[in-house]
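Descriptive structure summary
What follows is each chain in one-letter form.
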Amino acid sequence: MIRRFRIDEGGVHMIRTLIAGNWKMYKTIPEAVDFAERLKEELSTLPEGRDVAIAPTFTALHAVSGIIGGSLIKLCAQNLHEAAEGAFTGEISAAMICDAGCSHVIIGHSERRTLFGETDASVNRKMQSALAAGLKPIMCIGETLEQRECGETFSVIERQVKAGLHDLGAGDMAVVTIAYEPVWAIGTGKTATPEQAQEIHAFVRGIVTAVYGSDVAATLPIIYGGSVNPGNISAIMAQPDVNGALVGGASLDVDKFVKIVRY
Ligand code: 13P
């Protein structure tokens with residue numbers, strides 16, 4: 001399998017693989033706790049270079065943290081508010097997410113963009129806020145079916161990447177992950193072909209190379225999301241610029257998620 005490498009003083013470093021489960025608005029606290037307990041048992045060891053994260057709903061984060069704390073499983077929030085604190089009824093800040101035990105946060109998921117009015121500019125402000133709090137952001141990008149059919153995929157992706165990362169430094173990029181999730185592949189059972197994913201991932205890496213240089217680009221994890229399941233994960237992961245997966249539906253089932261993690 002082809003993999004990208006970075007060479008520095010310490011030797012050769014491979015990009016770590018991240019498999020993250022985005023639970024969206026599913027699972028009560030008891031269900032989340034049960035899942036976390038079972039997952040922790042299944043994932044007491046992981047293949048070299050592989051990271052695993054789960055993103056429960058806000059209400060379950062603290063309870064799940066108590067279970068997976070000290071394990072190999074990382075905790076991720078699904079969203080955050082850009083402000084540090086304030087009169088924002090119903091919102092959650094980066095510091096609160098850290099407080100609940102998270103190391104990662106998903107930012108700019110297409111459901112947030114299409115259903116909750118998030119823009120490239122607000123995604124960028126959330127990225128800044130997450131980084132300032134020491135969280136590792138997973139920034140989601142992806143074109144809609146209409147944009148793909150109109151031949152706008154590359155311009156949409158370029159705009160989302162550049163605007164989302166605006167004003168971030170090379171040091172910030174060391175903890176950023178980009179998730180390419182074509183909107184037409186989310187929850188539809190319609191996965192992008194491995195070649196379609198590779199084409200966009202390579203394009204994203206090219207944009208990051210142009211902005212930050214090849215050292216940053218060569219170590220940036222770019223993960224794929226959209227109808228990932230145990231049957232298609234290996235083919236997707238065989239692409240040289242695919243460094244992991246952001247899994248929705250299939251991450252709600254321990255057996256399926258473990259199969260994906262151990263592809
Ligand atoms: P599905 O895996 O259910 O298509 O969802 C993908 C997704 O949106 C992950 O963030």
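Note that the structure is a prediction, hence the values are computed from the model and not measured.

Attention now goes to the layout of surface pockets. Taken as a whole, the largest pocket spans an internal volume of roughly 680 Å³. Of all the secondary structure elements, the ones that give two or more residues to the lining of the largest pocket are helix H4 (110-115) and strand S10 (244-247). When residues in the lining of the largest pocket are grouped by element, the largest group, three residues, is from H4. Of the residues in the lining of the largest pocket, the class split is 14 nonpolar, 12 polar and four charged. Empty space within the second largest pocket amounts to approximately 520 Å³. As for the second largest pocket, its lining consists of 23 residues, of which Ile15, Arg16, Ala174, Thr219 and Pro221 are closest to the centre. Only strand S2 (11-14), strand S3 (17-22) and helix H8 (170-173) provide two or more residues apiece to the lining of the second largest pocket. Partitioning the lining of the second largest pocket into residue classes produces 11 nonpolar, six polar and six charged.

Before going further, it helps to spend a moment on the site of the ligand. Close contacts around the ligand come from Asn22, Lys24, His109, Glu181, Ala185, Ile186, Gly187, Gly226, Ser227, Leu246, Gly248 and Gly249, and that covers them all. Separating an oxygen atom of the ligand from a side-chain N or O atom of Lys24 is a distance of 2.8 Å. Gly249 is positioned with one of its backbone polar atoms (N or O) 2.8 Å from an oxygen atom of the ligand. Its free accessible area being 310 Å², the ligand has 95% of it covered by the protein chains. Applying the majority rule of atoms within 2 Å of the grid points places the ligand in the largest pocket. Residue classes in the shell around the ligand are distributed as three nonpolar, seven polar and two charged.

Spatial ordering of the closed barrel is given by S3-S4-S5-S6-S7-S8-S9-S10, a layout of eight strands whose pairing is parallel. Taking the axes of each pair of neighbouring strands and ignoring which way they run, one obtains an average angle of 25° across the sheet. Note: strand S5 (residues 73-77) against strand S6 (residues 104-107), two bridges, orientation parallel. Looking at the pairing, Cys76 lines up with His104 of S6.

Next up on the list: a negative patch on the surface. On the surface, Glu37, Glu41, Glu42, Asp253 and Asp255 cluster together into a patch of negative charge. In terms of residues, the negative patch owes the most to one element, helix H1 (residues 29-42), which gives three residues. By secondary structure assignment, the location of Asp253 is in the loop between S10 and helix H12 (254-261).

Once that is clear, we can look at H12. Buried within H12 are the following residues: Val254, Phe257, Val258, Ile260 and Val261. Projected onto a plane normal to the axis of H12, the buried residues spread over an arc of 160° and lie on a single side. Where the residues of H12 are buried, they touch S3, H1, strand S4 (50-55), helix H11 (233-237) and S10. Capping the start of H12 is the job of one residue whose side-chain oxygen sits 3.0 Å from the backbone nitrogen of Asp255: Asp253.

Note on strand geometry: in a regular strand, side chains alternate between the two faces of the sheet. Burial along S6 is two-sided: the residues His104 and Ile106 and Val105 and Ile107 are all buried. Pairing analysis gives four bridges linking S6 to strand S7 (residues 136-141), with the strands arranged parallel. Across the sheet, residue Ile106 finds its bridge partner in S7, namely Ile138.

This next bit is on the environment of Ile97. Mapped onto the fold, Ile97 is located in helix H3 (residues 94-99). Spatially, the C-alpha atom of Ile97 lies 18 Å from that of Asn124, the residues being 27 residues apart in sequence. Apart from the residues within four sequence positions on either side, Ile97 is in contact with Phe58, Ala77, Asn79, Leu80, Ile92, Cys102, Val105 and Leu135.

Criteria and cut-off values
- Residues numbered from 1 in each chain as written.
- Predicted model: local features only at pLDDT ≥ 70, side-chain atom pairs only at ≥ 80, totals over all residues.
- Heavy atoms only, no water.
- 1 Å grid on protein atoms, 1.4 Å probe; cavity = no way out; pocket = protein on both sides within 12 Å on 5 of 7 lines; lining within 4 Å.
- Points joined across faces, edges and corners; volume = space filled by probe spheres on them.
- Helix = DSSP H or I, 4+ residues; strand = E, 2+ residues; numbered from the N terminus.
- Nonpolar A, V, L, I, M, F, W, Y, C, P; charged D, E, K, R; others polar.
- Near = heavy atom within 4 Å.
- Polar contact = N/O pair within 3.5 Å; in protein donor to acceptor, adjacent residues only side chain to side chain.
- Areas by Shrake-Rupley, 256 points an atom, 1.4 Å probe, with all protein chains shown as cover.
- Sits in = over half its atoms within 2 Å of the grid points.
- Pairing = 2+ DSSP bridges.
- Axes fitted to C-alpha atoms, helices over the stretch in contact; angles between N-to-C directions.
- Patch = residues over 30% accessible without salt bridge, like charges linked within 9 Å, V, L, I, M, F, W, Y side chains within 5 Å.
- Salt bridge = Lys/Arg side-chain N within 4 Å of Asp/Glu carboxyl O.
- Lys, Arg positive; Asp, Glu negative; His and termini not counted.
- Charge placed at Lys NZ, Arg CZ, Asp CG, Glu CD.
- Buried < 20%, exposed > 50% of the residue type's maximum accessible area, 1.4 Å probe, protein only.
- Arc of directions from axis to C-beta.
- Contact = heavy atoms within 4.5 Å.

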